[in-house]
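Architecture at a glance
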Amino acid sequence: MSLLPSRFIYLCLHLLVFYFQLQESQQSSADFRFYIENHTRNPDDLSRKQVRIYQLYSRTTGKHVQILGKKVNANGDDGGKYALLIVETETFGSHVRIKGKESEHYICMNEKGKIVGMPDGRKQECVFIEEFLENNYTALVSAKYKGWYLGFNRKGRPKKGSRTTQRQQEVHFMKRQPKGKVNPVQEFRFTTVTKRTRRARRLKSNAKRN
């Protein structure tokens, strides 16, 4: 009979330890979820974003997209200061925010489909999704207004998003390096090998052997 109280106490102690472990586990899980939610809401620039600088060549106008402040058009010259764009890309997707390096305004699309420049690019209206087309051009569709694209007419004026489709040339763009900067791929040059070149190489090789 004396063993029953001791076993009962032993069992109670085990249940108490298990209870505290469970509470600690739940607290750690809650803290981890809070950490993830907080860092997703305020992403770390170094680990979540990639920042690139390039120009957007418009297939329609033959010029570049430029942000003049509140106004945005596709009449920028190659290398123009307003045509230099800072493109912020999320690491885990193709969502981008496009900001003018000179004007520090973002390209945004409002509820009417109008393209405007805004100083604050954190709103969903300023997020676009890159779509890579078969003709080597890129289209930018609004992340908030599905099916509405960034586009410009032949005069370089913005088109309303509701009047755009992916097939229109007005929404086709090509990424270009700023004027004066050479694409690393273009720095490589092939050497043309002719019969005279091969003969010269053979003569040089035979001379070394002798």
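Residues numbered from 1 in each chain as written. Predicted model: local features only at pLDDT ≥ 70, side-chain atom pairs only at ≥ 80, totals over all residues. Heavy atoms only, no water.

Per an unreviewed UniProt entry, the recorded name for the protein is Fibroblast growth factor, and the organism is Oreochromis aureus. If you open the UniProt record of the protein and go to Subcellular location (unreviewed entry), you find "Secreted". (UniProt positions renumbered as here; feature names shortened; annotations may be inferred.)

Across residues other than glycine, the phi torsion is negative in most instances, and most of the peptide bonds are trans. Phi at Glu104 is positive, roughly 60°, even though this residue is not glycine. Residue class for Glu104 comes out exposed when judged on its relative accessible area of 52%. Of note in the backbone geometry, Asn136 takes a positive phi value of approximately 70° without being a glycine. When you line up the elements, Asn136 lands in the loop between β8 (128-132) and β9 (138-142). (Buried < 20%, exposed > 50% of the residue type's maximum accessible area, 1.4 Å probe, protein only. Helix = DSSP H or I, 4+ residues; strand = E, 2+ residues; numbered from the N terminus.)

Considering the arrangement of structural elements, one finds Thr61 in the loop between β1 (49-58) and β2 (64-67). Side-chain polar atoms of Thr61 contact the backbone oxygen of Ala74, separated by 2.8 Å. In this view, Thr61 contacts Ala74, Asn75, Asn153, Arg154 and Gly156; residues no more than four positions away in its chain are not counted. (Polar contact = N/O pair within 3.5 Å; in protein donor to acceptor, adjacent residues only side chain to side chain. Contact = heavy atoms within 4.5 Å.)

On to the nonpolar core. Membership of the largest hydrophobic core comes to 19 residues, with the highest contact counts inside it found for Leu56, Val65, Ile98, Ile107 and Leu150. Within the residue set of this core, elements represented by two or more residues are β1, β2, β3 (72-76), β4 (85-90), β5 (95-100) and β6 (106-109). Among residues more than four places away in sequence, those in contact with Leu150 are Ile107, Met109, Ile115, Phe128, Leu140, Glu170, Val171 and Phe173. Ranked by size, the runner-up nonpolar core spans nine residues in total, among them Ile129, Ala139, Val141 and Tyr149. (Core = buried A, V, L, I, M, F, W, Y, C linked by side-chain atoms within 4.5 Å.)

Here we come to the pattern of salt bridges. Counted by the stated rule, this structure contains four salt bridges. Across the pair Lys175 and Glu130 runs a salt bridge whose closest N-O atoms are separated by 2.8 Å. In this pair, Lys175 sits in strand β10 (residues 173-176) while Glu130 sits in strand β8, placing the two residues 45 residues apart along the sequence. (Salt bridge = Lys/Arg side-chain N within 4 Å of Asp/Glu carboxyl O.)

Locating Val127 in the fold gives a position in the loop between β7 (115-118) and β8. For Val127, a relative accessible area of 4% gives the class buried. Separated by 30 residues in sequence, Val127 and Arg97 place their C-alpha atoms 5.2 Å apart. Every residue in contact with Val127, bar those within four places of it in the chain, is listed here: His95, Val96, Arg97, Val141, Ser142 and Ala143.

Once that is clear, we can look at a nonpolar patch on the surface. A contiguous nonpolar patch, built from Phe8, Ile9 and Leu13 and spanning about 330 Å² of accessible area, is present on the exposed surface. Topologically, Leu13 is positioned in helix α1 (residues 3-41). (Patch = residues over 30% accessible without salt bridge, like charges linked within 9 Å, V, L, I, M, F, W, Y side chains within 5 Å. Areas by Shrake-Rupley, 256 points an atom, 1.4 Å probe, with all protein chains shown as cover.)

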